[in-house]
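Fold and contact review
Spelled out from the first residue to the last, the chains are:
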Amino acid sequence: MFAVIICTIFFCKLENIQADVYKNGLITVKHEKLPVKRDGHRIQLNHPYKLTGDFVTKVLSDIYYEEKGLFKRKETLRVFQDEEIKKLVPLIAQAFSVAMPTQVIAATSYSYRMILSDKKNYCILFVADRSLNIVFGSVHKFQTFNDVMSEKKKYLTTRENPARKRRSSFWKLIPSSGQRLEPGHENWLDIDLSNEMYK
């Protein structure tokens, strides 16, 4: 009987760990307890929250950025590619549906796969005051195969907080219709959930 109880407790703990991390290949979506602040005050999160797959697809498809620097490309570029979005959508929707009020959703994905290299996107997502917030720490950050494998090993303990950043030296987000930048940030999008274009 004692052994059964111990096994049950262990299984429950294992289930809780697995329920916080959602994966599809190298794409990872997980819950993180990160302090997200606005004007010096911690933001109250409206979690859990139900987001439809169609809504998440529309949002991710409409996120664009511009490169900075001497060798930048002049055109506006999409952050997420179609295959990347297909894998991210169900993971993000599921993570939001069971997130605690103290947890944000952290998403790590890779696009533009080349020989032994990838480009990494990393962001956190959360709902507050009827708005979906998406805050990026990395956009198309070049990763070698060894970098990707190293990050795959340590992703469970990585706790980067993009909300503490304001800008990158290499890129800035370009808001689409229905989106706006958080004041003072080039890496933080605010999307009104009541906007008709996302319904």
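Residues numbered from 1 in each chain as written. Predicted model: local features only at pLDDT ≥ 70, side-chain atom pairs only at ≥ 80, totals over all residues. Heavy atoms only, no water.

With that settled, consider the sheet that holds strand β10 (residues 171-174). In space, the three strands of this open sheet follow the order β6-β5-β10, with antiparallel pairing throughout. With partners counted over all chains shown, the strands left at the sheet margins are β6 (77-78) and β10, one partner each. By the bridge criterion, four bridges tie strand β5 (residues 64-67) to β10 in an arrangement that is antiparallel. In the strand pairing of β10, E66 is matched with K172. (Pairing = 2+ DSSP bridges. Helix = DSSP H or I, 4+ residues; strand = E, 2+ residues; numbered from the N terminus.)

Attention now moves to empty space enclosed by the protein. Scanning all chains against the criterion turns up one cavity of 30 Å³ or more. There is about 40 Å³ of room inside the largest cavity. Lining the largest cavity we find L51, F55, V56, V59, L60, I92, L125 and L132. Sort the elements by how many residues they give to the lining of the largest cavity and helix α2 (residues 53-61) lands first, with four residues. (1 Å grid on protein atoms, 1.4 Å probe; cavity = no way out; pocket = protein on both sides within 12 Å on 5 of 7 lines; lining within 4 Å. Points joined across faces, edges and corners; volume = space filled by probe spheres on them.)

Of all residues in the protein, 78% attain a pLDDT of 70 or more, and the chain-wide mean is 82. A low-confidence stretch, residues 1-18 (pLDDT under 50), is modelled with zero contacts involving residues beyond four sequence positions or located in other chains. (pLDDT = per-residue confidence, 0-100. Contact = heavy atoms within 4.5 Å.)

Compared with an ideal rise of 1.5 Å per residue, which puts 17 residues at 24 Å, helix α3 (residues 82-98) spans 25 Å between its outermost C-alpha atoms and is within 8% of the ideal. Within the sequence span of α3, burial applies to E84, I85, L88, V89, L91, I92, A93, A95 and F96. (Expected span 1.5 Å × (residues − 1). Buried < 20%, exposed > 50% of the residue type's maximum accessible area, 1.4 Å probe, protein only.)

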